[in-house]
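Spelled out from the first residue to the last, the chains are:
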Amino acid sequence: MEAPGVTEPGVATQAAALLQELPLRAPAITEEQRERRARRRIEEQQEAAVFREVVSFTPDPMPVRYYDKDTTSPISFYLSSLEELLAWTPDVEDSFNVALAPPECRQPPLSSRRPRTLLCHDMMGGYLDDKFIQGSAAQNPYSFYHWQYIDIFVYFSHHTVTIPPVGWTNAAHRHGVCMLGTFITEWQEGGQLCEAFLAGDEHSYRAVADQLVLIAQFFRFDGWLINIENSLSLAAVGNMPHFLQYLTTQLHQQVPGGLVLWYDSVVSSGQLKWQDELNEHNRVFFDSCDGFFTNYNWQEGHLERMQGQAGERQADVYVGVDVFARGNVVGGRFDTNKSLELIRKHGFSAALFAPGWVYECLEKKDFFQNQDKFWSLLARYLPTHSICSLPFVTSFCMGMGARRVCYGQEVAVGPWYHPSAQEIQPLFGEHRLEGDGGGWVKTLSCLADAWNGGSSLLIEGVIPPEVGEVAVRLFSLQVPVPPRVFLSLVYKLEGPSNVRVALELTTGDAGSCHIGGICPLNETSCRHSPQPLQVPPTKLARWVGRCGQQLSGGWVQRCYEVNLQGCLLGDLLVSFQRPPGSQKEENFVCRLGEIQVVDAKSLLAPLPQVQSISLSHVRWQPAASSASSGEGPPAGLRLSCTLHWSFPLSHVRCFRLHCCPGTGGGPLGRGPLGPEKPKLLGLAFVNQYRIVDLAVATAGPGQGGRVEFLVEPVPREGFLVPQAEWGRAAVQYSMPST
């Protein structure tokens, strides 16, 4: 198997293009244009939707399935029984848990015959900090970011119907990874559940299958792992293949690319008897669905026997590896590579069960080092995949941090965790140049600084004396080149280094989707000359507005343009060149804040507007006074409510929600707020957001208060939308007259 290691220079099918910086600038703005924009801003402020509320402390309980009982923050949920499954119908409250988009286009497609890698995430019962759909203030949470190594992610728990928390689904889909939930039955109760829907006629098992398909379709995940961990009667086991066939057929019709996998547990006689292989006792289940997930206590002999059983479907057999190394296993923990080596030797897919072992069992303070170590040991056995769609934009945010940063500006301080906010992650690792020169490059995620989000990508390396340039591969795109492409790199060098930083990309028919590694730049490669931009349209002007500028926090943005015909965009790299005249070893530490690859055509279309803002589920609570002790503001109110709006989700990466809290005690009907800076509340990945316990000022009798909410769309291309074009809504409130 070809490993994603060091790439040799001079690959015939690729041409490296070292891009030159463009002097891109937004067009000058005349005084007349400024006045016209100011008038428009005032008009839009006056058009903000206004909702009038009389403060009431009457309890209004929220459905506990959908909202945290203490805070009313929306949460992901599971179903615990057959009755709950059959009774579920889509509800407006379910909308928080719907994924933003299906999986990104990828190469090779999941349907290819290449052996795959499945990750089965089982951690402490599931639905931990990841259940909070809008994020939480969790400190030191578990995070997974080696997405380019895996093809399928299974969210596992011991609840009957495990619906993946939407944060995991959004992160997986952004990386082109398929997301599965789990349908599990266990023990005596599980046996009774199976008898209820499998021992009768086809109407019973079809009703269950239809609900599972509807749930996957509505929440926009991709299918199910079926795990029957209890014995079955002859009638029930006889209907199981029919259930699997019907479920698989219906899922394929309703969910493009959907998958149904069977776990190695029950055999065709109905006994619960793990086989640790595909054989004649469980083959009937494999033949009835998309794949088979073996139990973990196999040896090489099991793999040899399975080759005959699987036939042309070897990639559909996922050989289970318990990373906790429980039972008689070949290898787990930091020896998991021993299991992977045998699995790949025999041409099977792999199912890594509970790789969160590095988080659960080792020191939390060393989590990132241990996580990187674990996956680096497996890297040679894990073929990677490419994202093959534009725009391609990432700030390397892991969906967590110690503070929140927006384009170099700190907007909030304190720990946060929001899996939906994780952006596309590169291939991490340490790579060394061949030979004795000592050159190397290492990539790792870093929470110490960020350009946008909570983290950035840190690249450390050494350029040996005999080498002029090195380049580290971060991504493989495999995208047909549009006629005109814009690229952007935001970075900063740490410490006294004068190395030159630039983007590099390869073009041509890349023969592999593997990425990663470090190489000297190919001196014979073809270099494309970018063309300067003419005066750009409004949307494009916003995109290039910061190009070439020294930005806050020491960040620098470089912009590029590429014009190519009939080519395929291949690998995306960052190169480091020694300073002019230098002949010594050069050390460098570079922090990447953002990379963008954008089809110029997409910047010509106007951005839609946030429309139809509405308000629901309003809850008021008194806030305790701390003024008497001199430790805080006077007594006030806490407002919770849900904002809804309309916007085509295919145009956005997310929404940023802000508020401008006004002051109470003024006359009712006061006008729009002044120019105070909006406060970031959080991120939304659907057209609604739950504001939770927002502190607002008390309104006196006969007087009112006002708080304004702003909905900022974040376009897929990654530019800032002016505040005048955000959606706006105001809550104007008063105390009861009696």
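Above this note sits the structure.
Residues numbered from 1 in each chain as written. Predicted model: local features only at pLDDT ≥ 70, side-chain atom pairs only at ≥ 80, totals over all residues. Heavy atoms only, no water.

**As for the pairing of strand 26 (residues 586–599)**
By the criterion of burial, strand 26 is predominantly enclosed, with 11 of the 14 residues buried. As paired strands, strand 14 (residues 392–394) and strand 26 are joined by 3 bridges and run antiparallel to one another. By the bridge assignment, V393 is partnered in strand 26 with Q596. Bridge analysis of strand 19 (residues 456–463) against strand 26 gives 7 bridges, and the strand direction is antiparallel. From the neighbouring strand, V462 faces strand 26, where its bridge partner is N587. The pairing of strand 21 (residues 485–493) with strand 26 spans 9 bridges and is antiparallel. The residue bridging K492 from the neighbouring strand is R591, located in strand 26. (Buried < 20%, exposed > 50% of the residue type's maximum accessible area, 1.4 Å probe, protein only. Helix = DSSP H or I, 4+ residues; strand = E, 2+ residues; numbered from the N terminus. Pairing = 2+ DSSP bridges.)

**Section: the packing of helix 4 (residues 187–198) against helix 6 (residues 234–254)**
Axis separation between helix 4 and helix 6 bottoms out at 9 Å; the angle between their running directions is 65°. The pairing of helix 4 with helix 6 is recorded here as roughly perpendicular in orientation. Crossing hand, helix 4 versus helix 6: left-handed. Facing E195, F197 and L198 of helix 4, the residues of helix 6 in contact are A235, A236, N239, M240 and F243. Looking at the contact of helix 4 with helix 6, its residues break down into 6 nonpolar, 1 polar and 1 charged. (Axes fitted to C-alpha atoms, helices over the stretch in contact; angles between N-to-C directions. Parallel < 35°, antiparallel > 145°, perpendicular 65-115°, else oblique. Left-handed = near helix turned anticlockwise from the far one by under 90°. Contact = heavy atoms within 4.5 Å. Nonpolar A, V, L, I, M, F, W, Y, C, P; charged D, E, K, R; others polar.)

**Some thoughts on the packing of helix 9 (residues 336–345) against helix 11 (residues 367–378)**
Interhelical geometry of helix 9 versus helix 11 gives an angle of 25° and a closest axis separation of 9 Å. The angle between the axes of helix 9 and helix 11 places the two elements in the roughly parallel class. Crossing of helix 9 against helix 11: the hand is right-handed. Together, T336, N337 and L340 of helix 9 and F374, L377 and L378 of helix 11 make up the contact between the two elements.

**Here's the deal with helix 8 (residues 300–310)**
Every α-helix carries 3.6 residues per turn, so stepping three or four residues along brings you back to the same face. All of the buried residues along helix 8 are H302, L303, M306 and A310. Down the axis, helix 8 shows its buried residues gathered within 95° of arc, on one side only. The inward-facing, buried residues of helix 8 abut helix 7 (283–286), strand 11 (317–322) and helix 9. Count one or two residues on from helix 8 and you reach G311, which has phi positive near 60°. (Arc of directions from axis to C-beta.)

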